[in-house]
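Here are the chains, one letter per residue:
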Amino acid sequence: MISVSAVGTLVPSEPACVYRSRINLHGIINFHKKIQLRSRVVCAVEIKNAEDFKFPSFLSSYLSREAPIKDSAALKMATRIQRLPVETDLSERPIMSSCVMPLRQNMEATPVVLLHGFDSSCLEWRYTYPLLEAGGMEPWAVDLLGWGFNNGEGVKSYNVAAKREHLYKFWRRYIKRPMALVGPSLGAAATIDFAVCYPEAVSRLVLIDGNVYAEGTGNMAKFPKSLAYFGVSLLKSVPLRTWATFLALSKMSRSRINDMARVGRLHCHSPHWADATVDFMLSGGYNIAARIKEIDKKTLVIWGEEDEIVSMKYAKRLQEDLKESKVQYISECGHIPHVEKPEIIANMIIDFLNDEHAEESTSE
């Protein structure tokens, strides 16, 4: 019997085990016996073939190595992924950094920067992003360094400090004004870490089912490198990705879970993915619980009431630790509300930012 302990949280685009949890691989392989119990489709998805879309050249090679993806929202968003050069101290050459940027920038609006969770990509926002755009927001879906579809050639480190510096340099080069920073799951830890270090770059925070109280990667930081690479190879496996999707979502059909697992592992075909993930694991990961109380920005905390990955009790703890925060819960929703309930998440974010603009107008 083999068991795996990994970092992060379980979602279609961030397949790792809950901190300190163990998963029996025999159960993973045979989980299809249980999945028939979950028959409610989370949201309607238009089915199309990848041949109907035109993808950037770097992404086409990834798609060619994966089983066909049918989710048209993922395919549509993939056509908009681009790589922008970002100069940092992490590489001798600019890092070609992947993101989905707004069709136009509105300098009077607050930019909304959408991060993703552990070992994920900007495709995690495929359902919510277009709703934010249609709602008049200026959304940026940005891949954290080492994950997503960034080109990691020549990058020296992928630890927390490196991810923070990369995001800051991206913000300074392209966004250039205070942003609303949105982080789901482990992305919430990245959000808090960034806001503490660069408060001038952030106007408001949105934390979604935030995995922010874990003590980094724990004992995995002490793994021999060979064992770390073995663990990372499991993260890429189809059974673990599919099991991760099954656990992360409240209810979903088997066909949807299989397709979402393919979307979630697409970025793993990057030639630098394994090195980046191992480097992050061995570096110790995010350990930011002690710094949460330093945040003085208005914060919206969102939590799915059926989250089986990160306990809902942490929503209340966040509300207590953050100076200016409010919590909103979503019923019949698991760990990734922006996938399960995109309309609700989009409206929550829009209303939260519209409140900010209303306050500014009143003060004037």
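Sequence order sets the numbering: in each chain, residues are counted from 1 along the sequence as written. Residues qualify for local features only when their pLDDT is at least 70, as the model is predicted, and side-chain atom pairs are given and counted only at 80 or more; totals for whole chains, interfaces and linings, by contrast, use all residues. Hydrogens and waters are ignored; side-chain quantities use all the structure's heavy atoms.

Caption draft 1: Up close: the pairing of strand S10 (residues 202-208). Exposure categories follow from relative accessible area, calculated using a 1.4 Å probe and restricted to protein chains: below 20% of the type maximum is buried, above 50% is exposed, and the middle band is partly exposed. Numbering of helices and strands runs from the N terminus, with a helix taken as a DSSP run of H or I at least four residues long and a strand as a DSSP run of E at least two residues long. With respect to burial, S10 is a largely interior element, seven of its seven residues being buried. Strands are treated as partners if at least two bridges between them are detected by DSSP. Note: strand S9 (residues 179-184) against S10, six bridges, orientation parallel. Within S10, the residue paired with Ala180 across the bridge is Arg204. With its strands directed away from the observer, a crossover is right-handed exactly when the path from the first strand over the helix to the second travels clockwise. In this fold, S9 hands off to helix H7 (residues 186-197), which returns the chain to S10; that crossover is right-handed. Where S10 lies against strand S11 (residues 298-304), five bridges are found, and the strand directions are parallel. Within S11, the position partnered with Leu207 by the bridge is Val301.

Caption draft 2: Up close: the packing of helix H9 (residues 238-248) against helix H10 (residues 254-264). Under this scheme, a helix contributes an axis fitted over its contacting stretch, all axes are lines through C-alpha atoms, and angles between N-to-C directions fall in the 0 to 180 degree range. Put simply, H9 and H10 touch, their axes get as near as 8 Å, and they point 120° apart. Relative to H10, H9 is oriented so that their crossing is right-handed. Contacts from Arg241, Thr242, Thr245 and Phe246 in H9 reach Ile257, Asn258, Met260, Ala261 and Gly264 in H10. Residue polarity is assigned by list, with Asp, Glu, Lys and Arg as charged and Ala, Val, Leu, Ile, Met, Phe, Trp, Tyr, Cys and Pro as nonpolar; anything else, Gly included, falls into the polar class. Split into classes, the residues belonging to the contact of H9 with H10 amount to four nonpolar, four polar and one charged. Here a crossing is taken to be left-handed if its near helix is turned anticlockwise relative to the far helix by less than a right angle, and right-handed if that turn runs clockwise. The contact criterion used throughout is that any non-hydrogen atoms of two residues lie within 4.5 Å.

Caption draft 3: Focus on the pattern of salt bridges. The term salt bridge refers to a side-chain nitrogen of Lys or Arg lying within 4 Å of a carboxyl oxygen of Asp or Glu. A complete count under the given rule lists eleven salt bridges for this structure. The shortest N-O distance in the salt bridge between Arg126 and Asp71 comes to 3.2 Å. Here Asp71 lies in the loop between helix H3 (57-63) and helix H4 (72-79) and Arg126 lies in the loop between strand S7 (111-114) and helix H5 (128-134), a separation of 55 residues in the sequence. Take Arg126 and Asp71: they sit in the same class, and that class is buried. Among the salt bridges present, the one from Glu165 reaches Lys169, with a minimum N-O distance of 3.4 Å. Residue Glu165 and its partner Lys169 are both found in helix H6 (residues 160-175); the two are separated by four residues, about one turn of the helix. Pair check on accessibility: Glu165 and Lys169 agree, each one buried.

Caption draft 4: Spotlight on the nonpolar core. As used here, the term nonpolar core means buried Ala, Val, Leu, Ile, Met, Phe, Trp, Tyr and Cys residues forming a set that is joined through side-chain atoms within 4.5 Å. With 67 residues, the main nonpolar core has Phe170, Val212 and Leu318 as its most contacted residues. Sort the elements by how many residues they give to this core and H7 lands first, with eight residues. Dropping the residues within four chain positions of it, Val212 is found in contact with Ala188, Ala189, Ile192, Ile288, Ala289, Ile292 and Leu318. Leu123, Val206, Ile208 and Leu266 belong to the second-largest nonpolar core, a separate cluster that totals 40 residues.

Caption draft 5: Representation of the sheet that holds strand S12 (residues 325-330) in the model. Strands sit in the order S5-S6-S8-S7-S9-S10-S11-S12 across an open sheet of eight strands; the sheet is mixed. Bordering the open sheet on either side are strand S5 (82-86) and S12, each of which pairs with just one other strand. Taking the axes of each pair of neighbouring strands and ignoring which way they run, one obtains an average angle of 25° across the sheet. With four bridges connecting them, S7 and strand S8 (residues 138-142) associate as parallel partners. Each residue of the ladder has a partner; that of Val113, found in S8, is Trp140. Strands in contact with H7 are S9 and S10; relative to S9, the strand with the most contacts, it is inclined by about 145°.

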